[in-house]
Amino acid sequence: MPKKIVAMRVNGRPVEEAVEPRTLLVHFLREQCQLTGTHIGCDTSHCGACTVDVDGQSVKSCTHLAVQCEGSEIRTVEGLAQAGVLHAVQEGFYREHGLQCGFCTPGMLMRAYRFLQDCPDPTEAEVRAGMSGNLCRCTGYQNIVKAVLHAARLLRQAEDATAKAAA
Amino acid sequence: MIPPSFDYHAPRSVDEALGLLAQLGGEAKLLAGGHSLLPMMKLRFAQPEALIDLNRIPELRGIREEDGLVRIGAMTTENELIDSALLRERVPLLPEAARLIADPQVRNRGTIGGDLAHGDPGNDHPALAMALDAEFVLQGPAGERRVKAVDFFHGTYMTALAEDEILTAILVPPLPPGTGYAYHKLKRKTGDWATAGAAVVLRMDGPTVSHAAIGLTNVAPTALRVPQAEAALAGQPLEDGVLDAVEAAVRDACDPAEDLRGDVDYKTAMAAQMARRAVLAAAERCH
């Protein structure tokens, strides 16, 4: 099948590549963009390890075609830390030991990144519902929930500080 | 797993999509959210030569009131159903039930039209649409036709949708004030299909039932409406004997396939239990 040219932005950088229509977004990111932080877990849209941000929404990239991303804004786990400073969700997972083997972590981080923008001051129950599309085979859910709540506090503190500085 | 090769089209209008369908015929499949179709293609259960992606057609999205009905564009996602203030007011069963479908990420992609047109008895919208007396708008080369939800599903993965047609919208009558509703779905975990599910729309006239609609999920080759169970409720108070009759009618209607979620007896018993609970939960909301 002839390849199609697809142009998008990945972690703020413009990317233009020729892809087969059947190329899944996760393979495109890992193999053509060399961004291997996004993991392939179940490959059936259940586990969430491949979660990335597409146009401001969490998407399971194993069940999304690269050709569908024409003009899209993509963020992957590689796009979280800025200038060597961990993003609040990464800091939260680090402080609260929100990972064991680490395989699910990129998907957990990307889901938490979007969830906390949609729901900045979540209850524990809201975190569990918001993160319910991500599975951890180590079953380390208690600390993952704590990590997301920790990140929520960090993000709110940063926002308060910004607001105060502006006042 | 990577799907087999296919050509990809992303039309910008329903007319353009219909033109592609006419030209490509049975070799093409319509791509909605892709969370059923792409996994089936990975497993080679489906090997279309072309995909016609409906995601870039704005006229297929959105929820609005029109001629006394709520019109839901077929490409409206589950999360858009959940977030719709209009639905929460007019058809609150849909946003509530959509929360029980899949998981947050999948609900960003999965659409109500895709859920219906796929014809999978495990999908949740068919039983909901039946209980809500919804109609579907099917657009083809000769124009538009409407099909009632109860007439749309012909068998597992088989529907009234012709090869050259697109499901463009779902029309739902708003629930009159005082209508109770509930969707009870037994599932093993987040994201699972129902072991058995029951959608109920109910109105009471004092202590007795004046209207009941019951739809069942995943306990037969298609979703089911259960008129015998509804008849058992009509004009009756919600007493144990009446509810037992509802359960018996639901059990009679069930014809589930045995799978890892349970055997035939278990699924049948759970369907009856979901229906009983949904009737009681809906009644609590009738006021």
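Thresholds, definitions, all that
- Throughout this document, residue positions are counted from 1 along each chain, in the order its sequence is written.
- Whichever chain is written first is A, and whichever ligand is written first is 1; the rest continue in order.
- Totals for whole chains, interfaces and linings use every residue, but because this is a predicted model, local features are given only for residues with pLDDT of at least 70 and side-chain atom pairs only at 80 or more, for both listing and counting.
- Strands are runs of DSSP state E lasting at least two residues, helices are runs of H or I lasting at least four, and both sets are numbered from the N terminus onward.
- The globule rule used here is 2.2 Å times the number of residues to the 0.38 power, and the radius of gyration it is set against is calculated over C-alpha atoms.
- Neighbour density around each residue's C-beta defines its exposure: 20 or more other C-beta atoms within 10 Å make it buried, 12 or fewer make it exposed, and counts between make it partly exposed, where C-beta atoms are placed from the backbone.
- Remark: residues whose backbone-derived C-beta atoms lie within 7 Å of one another are considered to be in contact.
- Any residue that is not Ala, Val, Leu, Ile, Met, Phe, Trp, Tyr, Cys, Pro, Asp, Glu, Lys or Arg is counted as polar, Gly included; the first ten are nonpolar and the last four charged.
- By this definition, two strands are paired if DSSP reports at least two bridges between them.
- To get an axis, a line is fitted to the C-alpha atoms, and for a helix only the part in contact is used. The angle between two axes follows their N-to-C directions and goes from 0 to 180 degrees.
- Domain ranges listed in this record stem from an automatic or a database domain assignment.

Description of the overall build of chain B
Counting its secondary structure elements, chain B contains twelve helices and 14 strands. For chain B, the C-alpha radius of gyration of 19 Å lies close to 19 Å, the compact-globule estimate for 287 residues. Overall, chain B is about 60 × 45 × 35 Å in size when its C-alpha atoms are taken along their principal axes. The buried share of chain B, taken over its 287 residues, is 51%.

Some details on the overall build of chain A
The secondary structure content of chain A amounts to five helices and five strands. Going from N to C terminus, chain A has its helices and strands arranged as β-β-α-β-β-β-α-α-α-α. Here the C-alpha radius of gyration of chain A, 16 Å, is about what a compact globule of 167 residues would show, namely 15 Å. In chain A, buried positions account for 47% of the 167 residues. Expressed as a percentage of contacts within chain A between residues at least 6 apart in sequence, the contacts between residues at least 24 apart total 60%.

Details of the interface of chain A and chain B
The interface of chain A with chain B comprises 25 residues on the first partner and 22 residues on the second. Of all the elements, strand 4 (residues 57-60) of chain A adds the most residues to the side of chain A that touches chain B, at four residues. When grouped by side-chain class, the residues that make up the side of chain A that touches chain B number five nonpolar, 14 polar and six charged.

A short note on the sheet that holds strand 3 (residues 51-54) of chain A
All names here are of chain A. Ordered by their spatial adjacency, five strands build an open sheet running 2-1-5-3-4, and the pairing between neighbours is mixed. With partners counted over all chains shown, the strands left at the sheet margins are strand 2 (13-19) and strand 4, one partner each. Pairwise comparison of adjacent strand axes, ignoring direction, gives a mean angle of 40° for this sheet. Of the strand pairs in this sheet, strand 3 and strand 4 are connected by four bridges, and their pairing is antiparallel. From the neighbouring strand, Val54 faces strand 4, where its bridge partner is Gln57. Across the sheet, helix 3 (residues 105-118) touches strand 3 and strand 4, and the angle it forms with strand 3 is around 35°.

Thoughts on helix 1 (residues 25-32) of chain A
Residues and elements named next belong to chain A. Taken residue by residue, helix 1 has Leu25, Val26, His27, Phe28 and Leu29 as its buried positions. Where helix 1 is buried, its residues touch strand 2 and strand 3. Positioned one or two residues after helix 1, Gln34 has a phi angle of 60°, which is positive.

Some remarks on the domain arrangement of chain A
Residue and element names in this part refer to chain A. The domain boundaries assigned to chain A delineate domain 1 (4-79) and domain 2 (88-166). Relative placement of domain 1 and domain 2: their C-alpha centres are 22 Å apart. The set of elements that each furnish at least two residues to the side of domain 1 that touches domain 2 consists of strand 3 and strand 4. Looking at the side of domain 1 that touches domain 2, its residues break down into five nonpolar, nine polar and one charged.

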